[in-house]
Amino acid sequence: MPTCRRKRVVLTEPSEALLQAAKSTPHKEVYYLQQTGEIFETYEAYAARMSFYRLKQFQCEVTGKSGLDYFQALESEQQEAQTMHARFPEPLKAAVLKAVQWQVVGRLDHLVEAVFDRFKDRYFADEKVFVDAQGDKFYAKVVQVYPPDATDESVGAENQASSSSAPPPPNGTSAGDTVQIHKIGGDLKIPAKEALVRDDPTKYFYKVQILEEQHEKSHEKGKAAAKDKAKWIGTLMDVQCSTMSRDRLAFSKSILRRFIRDCVDRDAAVASPWTVKPVIAKHYGVDSVMPEETRKGVEDIKRGEIDKRKKIWEDKEGPPTKKQKKMTAAQEERVKALAAAAEKREREAREKAERQQKAKEEAERLAAEKKKKKPIRYPTEDLDVRLSDKEKKAGMQVKRPTPSKLGLPFGDNQSTFEVFLMSWNFLVIYGQPLHLSTFTMDEFEHALRHSHIEPTCALLGEIHSTLIYNLRTVPFTRHSAVLSLLRLQDTLEEDHRVLGVTVDELAAAMADVGNNWERVPLRHTEMRQGWEEALLGCLKDHATLDNFPRLREILTRLLFAPEPPTEVSSSSSSSRVSSPAINNLSVVSSPAERYYALPPADRIDILTLMCNLAVSSKAIHSHMESCEEQLTALRKEKIEINRQKKQYTEEMNSLAGEAEVKEEPATNGNAADEDTAMHESSDLSDVPSEEGSETASTASTRQKRSARQKDLRQKAHTQAHAKQRELARAQAASAKQALADHRRLDEEVNKLERRLEAIEREFRKLLGAVRVKPLGQDRFHNRVWWFDGMGSASLLGSGGVVQYGTGRIFLQGPSETDLELMLKREDDDFEARRLEEEGQDGMLAPGEWAQYAEPEELDEFLAWLNPKGVRELAVKNLFTKWWCHIAPGMRKRISDLNISAKLPEARRSTRTKSSGPDVSREPYMTWTNRRAVNSV
């Protein structure tokens with residue numbers, strides 16, 4: 001049985017309630033664990049037990065292997081048990097099991113020692129043994145066992161190993177009579193010495209048949225010796241235990257211990273006997289009913305063990321309550337002295353415990369005071385950071401700028417905005433595998449609001465066409481939408497209508513539309529003509545009421561139109577806008593005409609369904625795997641660039657140090673030259689005084705010597721100046737070279753820094769394709785999102801032009817879990833604090849969205865973030881890192897919006913005749929899909 005923390009794993013028994021339920025309701029469904037046979041009433045109990053079994057904390061009891069789960073440990077034990085049972089001699093199993101049955105031995109090792117000593121020289125019929133014959137060892141089989149003759153005990157001494165021609169003793173016993181063989185010697189109840197005297201193993205004779213010679217590792221020399229030994233194979237001989245032995249792989253203390261441990265068990269009670277497991281006992285004919293004599297002996301042993309333990313306890317603690325005999329005076333004095341000493345020890349122990357308790361309380365009090373006085377180390381938990389009055393007076397911003405909720409696309413409905421944001425993010429991030437150029441969120445919003453058939457919106461056609469091409473590779477069920485609607489009809493009234501159309505009418509209208517959507521060519525050069533019918537066919541085969549709850553209503557709007565009014569204006573053919581006043585649709589129409597009458601919420605729902613299905617496509621999965629590989633390559637490149645940058649920086653520092661060292665000797669050399677010049681001038685000034693003191697006869701000699709010395713000094717001075725000039729030129733050249741090297745290394749470092757910036761941008765793009773993460777959270781766990789520069793979108797265009805996707809920063813309210821944790825804090829004024837620091841309009845509900853669209857608002861938000869908090873410090877650092885892209889993107893969006901707002905005014909002066917607004921020059925209408933040129 002596998003063990004867990006050195007204890008055997010006990011299987012779970014069915015509860016009483018489950019057993020009663022099995023009797024009353026035999027067909028009750030339960031959870032069955034096949035590997036262990038356990039039965040559970042609830043799935044939670046089943047899963048908990050299975051989780052426990054899957055933990056890597058079990059140990060194989062046989063081999064000692066640890067770090068396994070339960071099933072691995074069980075399999076290891078079963079394999080070892082099979083190997084052990086195959087090796088252990090089969091004729092010996094029954095004898096060993098009968099010997100250990102009902103034995104009261106404390107340790108298993110002692111039981112193994114006793115069994116091994118009894119059976120190491122006792123052999124049974126059909127055993128495979130090794131026999132020594134004339135100095136050679138042969139592998140043989142015991143054919144017959146001859147017990148010692150009770151009347152003639154000298155037979156065993158006279159008989160030696162002989163051939164089959166020697167007459168065997170008369171009392172031979174075959175394999176069928178092995179019950180009487182070694183009966184006394186194998187009985188562990190009989191003492192070992194007595195058993196040896198009454199049943200001496202050395203007096204047994206065994207008839208064995210030689211099977212083969214034991215193979216030696218050394219090479220045999222000569223064929224005569226081999227032929228001489230081969231003649232023994234198949235012969236019979238009578239031998240004794242002194243010339244016999246067993247294979248150590250079949251019988252040893254270790255394998256005997258494993259065999260006994262696998263076959264026997266014992267209760268946890270004191271002095272419980274070892275018992276053979278019932279199934280094994282039945283198989284080997286071991287008596288499972290304890291004999292009365294054995295039972296009494298076991299009970300006596302138990303009683304003796306209990307009395308022994310009780311006596312030890314009484315000697316240690318004294319008897320519980322017992323009538324004492326009358327004591328003598330000396331005994332009374334002794335008892336009183338012992339009682340007084342015990343009372344004194346108890347009093348001292350109590351006083352010591354009180355002192356320790358007081359010391360502990362004092363230490364806790366001092367620790368609490370120290371903790372109160374201990375200054376807070378920043379950054380810390382954001383909600384623990386409070387603005388002091390000093391910081392407020394210094395101008396620290398208390399209230400967060402209120403983000404705009406209505407400024408969001410479709411901001412009147414938060415759920416619509418969320419799925420709109422998800423759809424836009426999916427299309428932009430996976431633009432490369434979808435063969436779709438990037439577009440801004442504003443362009444996507446205006447395209448979804450486009451309600452004119454003419455001019456056509458290329459952005460809508462490209463988005464739907466690329467998704468349709470992608471969904472052709474996703475498995476689908478033909479006419480799944482119709483089947484889902486027919487199943488719904490069975491649960492509705494007979495004439496149930498939605499927008500005035502029944503399910504049968506809707507199914508009939510769908511029958512002939514978009515049936516070949518997966519083969520229709522939607523060419524980019526043909527403006528994706530026919531994509532509306534292909535879209536309906538895609539919905540027919542991919543959508544169901546389970547993954548698209550508004551399926552019936554949207555299909556009805558795509559296939560049915562309201563009745564035309566009595567008077568139709570001349571311009572109605574060029575611009576058709578759905579009228580919200582008309583609820584019933586009764587005229588069968590086509591998706592090409594009716595799609596532009598769909599409200600934006602329905603279009604967003606369609607795109608959301610298609611994006612959710614496209615996630616499982618092979619193209620998207622391959623792109624994600626490719627992004628993971630590129631991310632790994634970028635990580636390695638970044639490590640290499642940082643290492644190279646560090647090397648260049650160290651070289652620049654060493655060059656700067658050398659330049660400083662070279663400047664100091666040059667300065668010292670100039671000072672030495674000045675000293676030399678002053679010394680020479682002083683020498684020259686002394687010459688006239690010498691001349692005035694000398695006579696006229698030596699004056700000419702002195703003048704000549706002085707002139708010669710002057711020439712020598714001038715020559716030395718000239719040579720010194722030449723050396724200085726050469727040294728100065730060498731130093732200048734060295735400084736120039738060092739400066740050139742410094743500039744070169746500085747340029748290399750700048751290149752590496754620019755490459756690191758490009759890697760960061762590329763890393764953001766690739767990481768966005770794998771997982772989209774917020775910039776961080778503020779103190780109230782509002783998540784801060786920036787979606788620009790991810791996936792196929794770039795932060796910089798050609799020539800370093802700023803690009804943007806949203807041009808905004810979004811805030812999302814805290815999750816339910818975060819809000820729960822904040823409310824559980826000990827702060828009683830949490831709601832008041834939120835009201836003070838966020839404002840009534842700025843408090844976001846869980847999952848609610850808002851935005852900052854102006855750079856000035858974002859500056860105020862950054863000023864509100866407190867870097868003393870861990871979350872807001874992280875957010876502020878990321879804003880600092882990406883600020884060179886966030887702020888220009890916001891300003892460019894505002895500039896584009898202002899330009900597009902001025903365009904209608906400019907066009908109004910040139911328009912002569914027009915029945916409606918001209919949208920052909922809107923930014924979303926001028927968008928082109930550059931990635932679709934060679935894709936289809």
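These figures come from a predicted structure and were not determined experimentally.

## What about the overall build of the chain?
Right, so step 1: Secondary structure assignment for the chain yields 29 helices and 19 strands.
Right, so step 2: Taking all 936 residues of the chain together, the buried fraction comes to 35%.
Right, so step 3: Taking contacts inside the chain between residues at least 6 apart in sequence as the whole, the part at least 24 apart equals 76%.
Right, so step 4: Within the structure as shown, the chain displays about 56300 Å² of accessible surface, and the carbon and sulfur contribution to it stands at 52%.

## Digging into the nonpolar core
Right, so step 1: Residues Phe426, Leu427, Phe439, Phe444, Ile463, Leu467 and Leu539 are the most contacted members of the largest nonpolar core, which totals 91 residues.
Right, so step 2: Discounting residues that sit within four places of it in the chain, phenylalanine 439 has contacts with Trp424, Leu427, Val428, Phe444, Leu459, Ile463 and Trp927.
Right, so step 3: In this structure, Leu92, Ala125, Phe138 and Tyr284 belong to the second largest nonpolar core, which totals 49 residues.

## Focus: the confidence of the model for the chain
Right, so step 1: Summary statistics for the chain give a mean pLDDT of 82 and a share of 83% for residues scoring 70 or more.
Right, so step 2: This stretch, residues 320-324, has a pLDDT under 50; its non-local contacts, to residues over four places away or in other chains, come to 1 contact.
Right, so step 3: Within the model, pLDDT remains below 50 along residues 568-582, and this stretch shows 9 contacts once partners closer than five positions in the same chain are excluded.

## Some points on the pattern of salt bridges
Right, so step 1: Taken as a whole and judged by the stated rule, the model has 51 salt bridges.
Right, so step 2: Close ionic contact of arginine 350 with glutamate 346 constitutes a salt bridge, the shortest N to O distance being 4.0 Å. Taken as a pair, arginine 350 and glutamate 346 lie in helix α12 (residues 329-373) at a separation of 4 residues, close to a single helical turn.
Right, so step 3: Note on glutamate 346: relative accessible area 52%, which makes it exposed.
Right, so step 4: One salt-bridge network, held together by shared partners, links Arg550, Glu553, Arg557, Asp602 and Asp605.

## Structural notes on the packing of helix α4 (residues 90-100) against helix α9 (residues 253-263)
Right, so step 1: The contact between α4 and α9 brings their axes to 11 Å, and the two run at 65°. Judged by the inter-axis angle, α4 sits roughly perpendicular to α9. Note that α4 runs across α9; the crossing there is right-handed. Contacts from Lys93, Val96, Leu97 and Val100 in α4 reach Leu256, Phe259, Ile260 and Cys263 in α9.
Right, so step 2: Of the residues assigned to the contact of α4 with α9, the class counts are 7 nonpolar, no polar and 1 charged.

## A closer look at the sheet that holds strand β19 (residues 849-852)
Right, so step 1: Taken in spatial order, the 4 strands line up as β16-β17-β18-β19 in an open sheet, and their pairing is antiparallel. The open sheet terminates on both sides in strands that have one partner only, identified here as β16 (776-777) and β19.
Right, so step 2: One ladder, built from 3 bridges, connects strand β17 (residues 783-785) with strand β18 (residues 809-812); its direction is antiparallel. The residue bridging valine 784 from the neighbouring strand is leucine 811, located in β18.
Right, so step 3: Contacts from helix α14 (residues 414-429) reach β18 and β19 within the one sheet, and its direction differs from that of β19 by about 65°.

## Some details on the sheet that holds strand β2 (residues 7-8)
Right, so step 1: Read from one edge of the open sheet, 3 strands run β2-β1-β5, paired in antiparallel fashion. On the outer flanks of this sheet lie β2 and β5 (58-59), each paired with one strand and no other.
Right, so step 2: Where strand β1 (residues 3-4) lies against β5, 2 bridges are found, and the strand directions are antiparallel. By the bridge assignment, threonine 3 is partnered in β5 with glutamine 59.

## A few points about helix α26 (residues 816-823)
Right, so step 1: Among the residues of α26, Asp818, Leu819 and Met822 are the ones counted as buried. The arc that holds every buried residue of α26, seen down its axis, measures 100°, which confines them to one face. For α26, exposure combined with an orientation more than 90 degrees from the buried face picks out Glu816, Thr817 and Leu821.
Right, so step 2: As for α26, its buried residues are in contact with β16 and α27 (830-838).

## Description of the side chain of arginine 764
Right, so step 1: If you trace the backbone, arginine 764 turns up in helix α25 (residues 699-770).
Right, so step 2: Among buried charged residues, arginine 764 stands out as having no salt bridge; its nearest opposite-charge side chain is aspartate 788, 6.5 Å away.
Right, so step 3: Within the structure, the side chain of arginine 764 is placed 2.8 Å from the backbone oxygen of aspartate 788, a separation counted as a polar contact.

## Things to note about the environment of valine 62
Right, so step 1: In this structure, valine 62 sits in the loop between β5 and α3 (70-87).
Right, so step 2: The class for valine 62 is partly exposed, based on a relative accessible area of 26%.
Right, so step 3: Considering only alpha carbons, one finds valine 62 and methionine 1, 61 residues apart in sequence, at a separation of 8.8 Å.
Right, so step 4: Other than its neighbours up to four places away in sequence, valine 62 contacts Glu77, Glu80, Arg258 and Arg261.

## Quick word on a nonpolar patch on the surface
Right, so step 1: Among the surface-exposed residues, Val30, Tyr32 and Ile39 lie close enough to one another that they form a single nonpolar patch of about 260 Å² accessible area.
Right, so step 2: Within the secondary structure layout, isoleucine 39 lies in strand β4 (residues 38-40).

## A word on the packing of aromatic side chains
Right, so step 1: One pass over the full model with this rule turns up 36 aromatic pairs.
Right, so step 2: Seen in terms of ring centroids, tyrosine 43 and tyrosine 46 are 6.1 Å apart; in terms of plane orientation they differ by 40°. Their pairing is tilted. Here tyrosine 43 and its partner tyrosine 46 are both found in helix α2 (residues 43-53), 3 residues apart, which amounts to about one turn of the helix.
Right, so step 3: Ring plane angle 20° and centroid distance 6.4 Å describe the contact between tyrosine 204 and tyrosine 206, whose orientation is recorded as stacked. For the pair formed by tyrosine 204 and tyrosine 206, the shared burial category is buried.
Right, so step 4: Following the ring pairs from residue to residue traces out a cluster consisting of Phe52, Tyr53, Phe58, Tyr70 and Phe71.
Right, so step 5: A cation over a ring is seen here: arginine 764 above tryptophan 882, with NZ or CZ 5.7 Å from the ring centre.
Right, so step 6: Over the ring of tryptophan 864 we find arginine 779, and its NZ or CZ is 3.9 Å from the ring centre.

## Looking at the pairing of β19
Right, so step 1: Residues Trp849 and Gln851 line one face of β19 and the alternating positions Ala850 and Tyr852 line the opposite face, and both faces are buried.
Right, so step 2: Looking at chain direction, β18 and β19 are connected through 4 bridges and run antiparallel. When the sheet's bridge partners are listed, isoleucine 809 is paired in β19 with tyrosine 852.

## Overview of unusual backbone geometry
Right, so step 1: Cis rather than trans, the peptide bond between tyrosine 378 and proline 379 has omega equal to 0°.
Right, so step 2: Note on placement: proline 379 falls in the loop between α12 and α13 (389-393).
Right, so step 3: Between glutamate 454 and the following residue, proline 455, the backbone shows a cis peptide bond with an omega angle of -5°.
Right, so step 4: Inspection of the secondary structure assignment puts proline 455 in the loop between α16 (441-448) and α17 (458-471).

## Let's talk about α4
Right, so step 1: Most of α4 is tucked away: 8 of the 11 residues are buried.
Right, so step 2: Taken as a whole, α4 has its buried residues at Leu92, Lys93, Ala94, Ala95, Val96, Leu97, Ala99 and Val100.
Right, so step 3: Its buried side turned inward, α4 meets α3, α5 (108-119), α9, β12 (264-265), β13 (275-276) and α10 (278-284).
Right, so step 4: One or two positions beyond α4, positive phi appears at tryptophan 102, with a value near 70°.

## Focus on the environment of tryptophan 274
Right, so step 1: Along the chain, tryptophan 274 falls in the loop between β12 and β13.
Right, so step 2: When the C-alpha atoms of tryptophan 274 and valine 104 are compared, they prove to be 6.3 Å apart, with 170 residues separating the residues in sequence.
Right, so step 3: A distance of 2.9 Å separates a polar side-chain atom of tryptophan 274 from the backbone oxygen of valine 105.

What counts, and at which threshold
- Residues numbered from 1 in each chain as written.
- Predicted model: local features only at pLDDT ≥ 70, side-chain atom pairs only at ≥ 80, totals over all residues.
- Heavy atoms only, no water.
- Helix = DSSP H or I, 4+ residues; strand = E, 2+ residues; numbered from the N terminus.
- Buried < 20%, exposed > 50% of the residue type's maximum accessible area, 1.4 Å probe, protein only.
- Contact = heavy atoms within 4.5 Å.
- Areas by Shrake-Rupley, 256 points an atom, 1.4 Å probe, with all protein chains shown as cover.
- Core = buried A, V, L, I, M, F, W, Y, C linked by side-chain atoms within 4.5 Å.
- pLDDT = per-residue confidence, 0-100.
- Salt bridge = Lys/Arg side-chain N within 4 Å of Asp/Glu carboxyl O.
- Axes fitted to C-alpha atoms, helices over the stretch in contact; angles between N-to-C directions.
- Parallel < 35°, antiparallel > 145°, perpendicular 65-115°, else oblique.
- Left-handed = near helix turned anticlockwise from the far one by under 90°.
- Nonpolar A, V, L, I, M, F, W, Y, C, P; charged D, E, K, R; others polar.
- Pairing = 2+ DSSP bridges.
- Arc of directions from axis to C-beta.
- Lys, Arg positive; Asp, Glu negative; His and termini not counted.
- Polar contact = N/O pair within 3.5 Å; in protein donor to acceptor, adjacent residues only side chain to side chain.
- Patch = residues over 30% accessible without salt bridge, like charges linked within 9 Å, V, L, I, M, F, W, Y side chains within 5 Å.
- Phe/Tyr/Trp six-rings, centres within 6.5 Å; stacked < 30°, edge-to-face > 60°.
- Lys NZ or Arg CZ within 6 Å of the ring centre and 35° of its normal.

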